[in-house]
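# Structural description and commentary
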Amino acid sequence: MSEQTSGTVFNIQHYSVHDGPGIRTLIFLKGCPLRCLWCSNPESQTRLSQLAYNATKCVGCARCVAACPQKALELGEDGIHIDRKLCPPSCRICSETCPGQALTHYGKPMTVKEVLDKVEADEPFYARSGGGLTLSGGEPLMQAEFTLAILEAAEHRAIHTAMESCGQADEETILAICAKLDYLLFDIKHLDSDAHRKATGVGNERILRNLEAVRSAYPRLPIHLRTPIIPGINDDENLIRRILSLAQSLDAVNYEILPYHRMGEQKYHYLGRQYLYEGPEQVDPQKLERLQSLVVSVYPNALATQKG
């Protein structure tokens, strides 16, 4: 594939140490097949660019209102009101006009070359730490052609590659992409399909089948399993024991639990959306400690790679 192949990227994060071996550059791709109640990246869910509005940065100048060709904006006493039905994803006139950056866009088109040129700027850190590029999201499998093109180009440039995935895709797609991958981080949110559907909007049958298919097709591919611990949804010792058994059966190189946080909640307001998870603001500390002890008893390195 060509390095001119393009896709939609909503963030590039440098110097990460939690998303694969060594120091990584994370490329966040838009689009996700799940709708997790607790999602901390709501801007990742649709593949389209999205207009975001932060009222605290608005100076009330109304330049955006005057500039909008769709007449989708209106200035009220509490700031800018957006009629999102009239707002085309490709239009950036209002955000380019806004002097205080109260209006911004999540997501922009980038070519493979543009992505990898940014990644290669961090190359000195990879050489010392054994790091590289990690594709994240959203779900990279939602932009399969772009993801595959990035991986192929990274291989030609001798860049180590990793991918974070929920596994919800056609088997053919995930196998084609994993053929070009050096390291896979795979989320297991629940093992019960009904519980998984209530929490994410889809069952887990395809996810678990794909995980087995990847391990069967690529027995030497390092697979790192992870579970975000969400109060009232999967903070259960028996469930974590079952996932640990699955990890061992697949010869996973690591398994870790990621404590729930609400750091992305404000972004829902920026997008004019409601945050749906109504559970506690954090996992019970004693319960989390028990779960961590359980995981570390099987995977001693789990805490060393864990996100806060």
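Quick look at the structure, then. Note that the structure is predicted; figures quoted are calculated from it, not measured. Chains are numbered independently. Their residues run from 1 in the order of the written sequence. Selection of residues for local features in this predicted model requires a pLDDT of at least 70, selection of side-chain atom pairs for listing and counting requires 80 or more, and totals for whole chains, interfaces and linings are taken over all residues. Note that water and hydrogens are dropped before the side-chain values are worked out from all heavy atoms of the structure.

Quick look at empty space enclosed by the protein now. Rolling a probe over the atoms, with the probe sized like a water molecule, indicates the empty space that remains. Each cavity reported here is a set of points on a 1 Å grid over the protein atoms alone in which a 1.4 Å probe fits but cannot get out, each pocket an open set with protein on both sides within 12 Å along at least five of seven lines, and each lining residue one with an atom within 4 Å of a point. Grid points are joined across faces, edges and corners, and a volume is the space filled by probe spheres set on the points. Counted by the stated rule, this structure contains 4 cavities of 30 Å³ or more. Counted as a void, the largest cavity has a volume near 90 Å³. Lining the largest cavity are 16 residues, and of these Cys-58, Cys-61, Cys-64, Cys-98 and Pro-99 sit closest to its centre. The classification used treats Ala, Val, Leu, Ile, Met, Phe, Trp, Tyr, Cys and Pro as nonpolar, Asp, Glu, Lys and Arg as charged, and all other residues, Gly among them, as polar. Here the lining of the largest cavity is built from residues that sort into 11 nonpolar, 3 polar and 2 charged. The space that makes up the second largest cavity amounts to roughly 50 Å³. Lining the second largest cavity are Leu-51, Cys-68, Pro-69, Ala-72, Leu-73, Cys-87, Cys-91 and Cys-94. Considering only residue class, the lining of the second largest cavity consists of 8 nonpolar, no polar and no charged.

Glancing now at the environment of Gly-76. Tracing the backbone through its elements, the reader meets Gly-76 in strand E4 (residues 73-76). Measuring from C-alpha to C-alpha, the distance between Gly-76 and Ala-62 comes to 9.7 Å, with 14 residues separating the pair along the chain. To qualify as a helix, a DSSP run of H or I must reach at least 4 residues; to qualify as a strand, a run of E must reach at least 2; elements of each kind are numbered from the N terminus.

Note on sheets: strands pair through backbone hydrogen bonds, and any given pair is parallel or antiparallel. What makes two strands pair is DSSP finding at least two bridges between them. Pairing is mixed across the open sheet formed by 8 strands, whose spatial order is E7-E1-E2-E8-E9-E10-E11-E12. At either margin of the open sheet sits one strand with a lone partner, and together these are strand E7 (108-111) and strand E12 (254-259). Each adjacent strand pair in this sheet contributes to an overall mean axis angle of 30 degrees, direction not counted. Pairing analysis gives 4 bridges linking strand E9 (residues 161-165) to strand E10 (residues 183-187), with the strands arranged parallel. The residue of E10 that forms the bridge with Ala-162 is Tyr-183. Here, residues are in contact when the closest pair of their heavy atoms is within 4.5 Å. Fitting a line to C-alpha atoms yields each axis, with helices limited to the stretch in contact; the angle taken between N-to-C directions then spans 0 to 180 degrees. Of the strands in this sheet, strand E1 (6-16), strand E2 (24-29), E7 and strand E8 (132-136) are in contact with helix H3 (residues 112-120), which crosses E7 at around 80 degrees.

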